[in-house]
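One letter stands for each residue in the lines below.
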Amino acid sequence: MSTNKETGSYYTPYELIEFMVMYLKKEQQDFSYVLEPSVGDGRFLSALLSVCGKIEAIELFDEKVEYIRSHFQEKKLNVMKQDFLEYALKSTEKYSLIIGNPPYINPKVMSSKEIDLAKQLCEKEGLQKSIMQNMWLAFVVGAIQLLNEKGSIFFVLPMEFLQVQYAEKLRIHLEKKFNTIHIVSFTTKLFLEIEQEICLVYLTNKKKSAPYILYEVYRDATSTIPLFSNTIRKNMPLKKWSNAVLLDEDILLLKQLSERYKKMEDMGESAPGIVTGGNKYFILTDKQATEYNCLDYTLPILQKSSYIGENTIIIDDSTIDDLREKNRPMRLLNLSKIEEDNMPEKLIEYLNRIKEEKVGNVKLIERYKCANRKPWYGVPIVNKGDVIFFKRYHLVPRVYINRADIHTTDAGYHVRLGKGWDKDSFVFCFYNSLTLAQCEFQGRYYGGGVSELTPSEFKALPVPYCTIKKEDIDVLNQMFQEKREIEEIVSFVNSRALADIEEDIVEKLEKIRKSLVKRRYQKKNERRRS
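Residues numbered from 1 in each chain as written. Predicted model: local features only at pLDDT ≥ 70, side-chain atom pairs only at ≥ 80, totals over all residues. Heavy atoms only, no water.

### Concerning the nonpolar core
- Counting residues in each nonpolar core, the largest one holds 112 residues, and the members touching the most others are L16, F161 and W241.
- Of the residues forming this core, the biggest block, nine residues, is contributed by helix α6 (residues 135-144).
- The residues touching L16, leaving out its near neighbours within four places in the chain, are V156, F186, L190, F191, I198, L200 and A221.
- Counting 36 residues, the second-largest nonpolar core is a separate cluster that includes F430, C439, I489 and F492. (Core = buried A, V, L, I, M, F, W, Y, C linked by side-chain atoms within 4.5 Å. Buried < 20%, exposed > 50% of the residue type's maximum accessible area, 1.4 Å probe, protein only. Helix = DSSP H or I, 4+ residues; strand = E, 2+ residues; numbered from the N terminus. Contact = heavy atoms within 4.5 Å.)

Encoded structure:
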């Protein structure tokens, strides 16, 4: 596969293109007037020319246009050297099919002209300019404006499109625009040279069809029968299309049961931990703090969840002792109210040295966080919480009772519970099937099976809270320490936190949780086998 990071061109494997054309044939697609908006080296043309009536291809770069014109000379083909974004804004053409693999380009490397055109497209389509977070998104919006009444879009898109927050408004808009939405994913990684997971998104309007979202999973692009297929008809707008792996009745059950319980935001405040502007420089090991004579100018801080592992629900003094013994960075410089004249000489020497060190091509003292605070080394200290939650996790979320009264970096959220809520009981009750299923339903996942919750998603989680006996909390912590299976741990918590729900409903919730976890782990496991 050829790649070009600057142009966002990750050329599509031929077998995936063949899969797409065969899929469209199965859907009885109208191929009478086709547009390929980012033609690249023409590999889509090879498959399309045999089935389409007339095809137009757009390409931005001269050498690629010349290559296409020299290799494909069919009369039905018209190759245009054009910026697709400009074309979408000005053209009055209407196509029966727009198909391709749009470029994946972050706004940071897009030109100001490209960003402006993309935002114009969003405004023209009635969407907020703020959704424009990648070039592929602009291509989707532009394609909508070039379709005829019964036209279809079939794009190779990043898997993140199904779930990222910035594309939520576009997904909802597409659900209003199209009554037929198909999502196709693969358990085998198809783009071997890049980290990006992909999916196929097919959008069209079928005559007299009630709106639906079809989610299918195939083994690879040579497969003809899906390993999994599910249709959503009732729970629309779905917001996160990755949740289409659940049955309509499962989604409804999650919603109904979640309404029974208090949400996280009703039980207390939550906020990210400390943003240092350079963890490497402002968080020291115990040994370093001793060397610079600054132990008295530091606060204990937990930089990463991996430093304490998954085999506990309690952060206490023994956790800090363990960090110290392993020489982990766990001493946060607390200097915002300290003048340099009052600091130990060795600490001053350290600060003078690090301020000149470059991060990328920028000196530490000139980086955004440091440059916009006085003094530059004065890291703002935020309040600690009774409970610590780390936003990224693998099998289950990482929620800890903060008995050590320790800070964290912004990798963690600090929960400050309101009056009447017990932190030990809160952490215990968090590990039930309903809350954990909602973590999966509300969050998003990345390559390798890592899942993440944003602050707003975390605050919306339902927690079936009840007061838990100390001995049960000790049992739960012991189960984590003994590395018991997560199913056993969740079952134990369910027996207390979900005791008011019928047993068969609890079993359904656990089944939903497992389905959602499997969704993000199946690709990882499939790649291990291949």
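### So, helix α5 (residues 112-124)
- Its 13 residues place the ends of α5 18 Å apart at the C-alpha level, agreeing with the 18 Å of an ideal helix rising 1.5 Å per residue.
- Residues of α5 that are buried include every one of E114, L117, A118, L121 and C122, and no others. The arc that holds every buried residue of α5, seen down its axis, measures 140°, which confines them to one face.
- As for α5, its buried residues are in contact with α4 (84-90) and α6.
- Downstream of α5 by one or two residues, G126 has phi in the positive range, about 80°. (Expected span 1.5 Å × (residues − 1). Arc of directions from axis to C-beta.)

### Section: the sheet that holds strand β20 (residues 392-393)
- With antiparallel pairing, the three strands of this open sheet are ordered in space as β20-β25-β24. In this open sheet, the two strands that pair with only one neighbour each are β20 and β24 (444-445).
- Across two bridges, the pairing between β24 and strand β25 (residues 451-452) is antiparallel. Pairing of Y445 across the sheet is with S451, part of β25. (Pairing = 2+ DSSP bridges.)

### What about the pattern of salt bridges?
- Taken as a whole and judged by the stated rule, the model has 25 salt bridges.
- A salt bridge links R331 to D286, with the nearest nitrogen and oxygen atoms 2.8 Å apart. Here the residue R331 occupies a position in strand β16 (residues 331-333), and D286 occupies one in helix α11 (residues 286-291), the gap between them amounting to 45 residues.
- Classification of D286 as buried rests on a relative accessible area of 14%.
- The partner of K363 in a salt bridge is E356, and the shortest N-O contact between them spans 3.0 Å.
- We classify K363 as partly exposed; its relative accessible area is 28%.
- Bridged by salt links that share partners, the residues D286, D321, R324 and R331 form one connected network. (Salt bridge = Lys/Arg side-chain N within 4 Å of Asp/Glu carboxyl O.)

### Here we look at the environment of T92
- Structurally, the position occupied by T92 is in the loop between α4 and β6 (95-100).
- Between the C-alpha atoms of T92 and L146, which are 54 residues apart in sequence, the distance is 7.4 Å.

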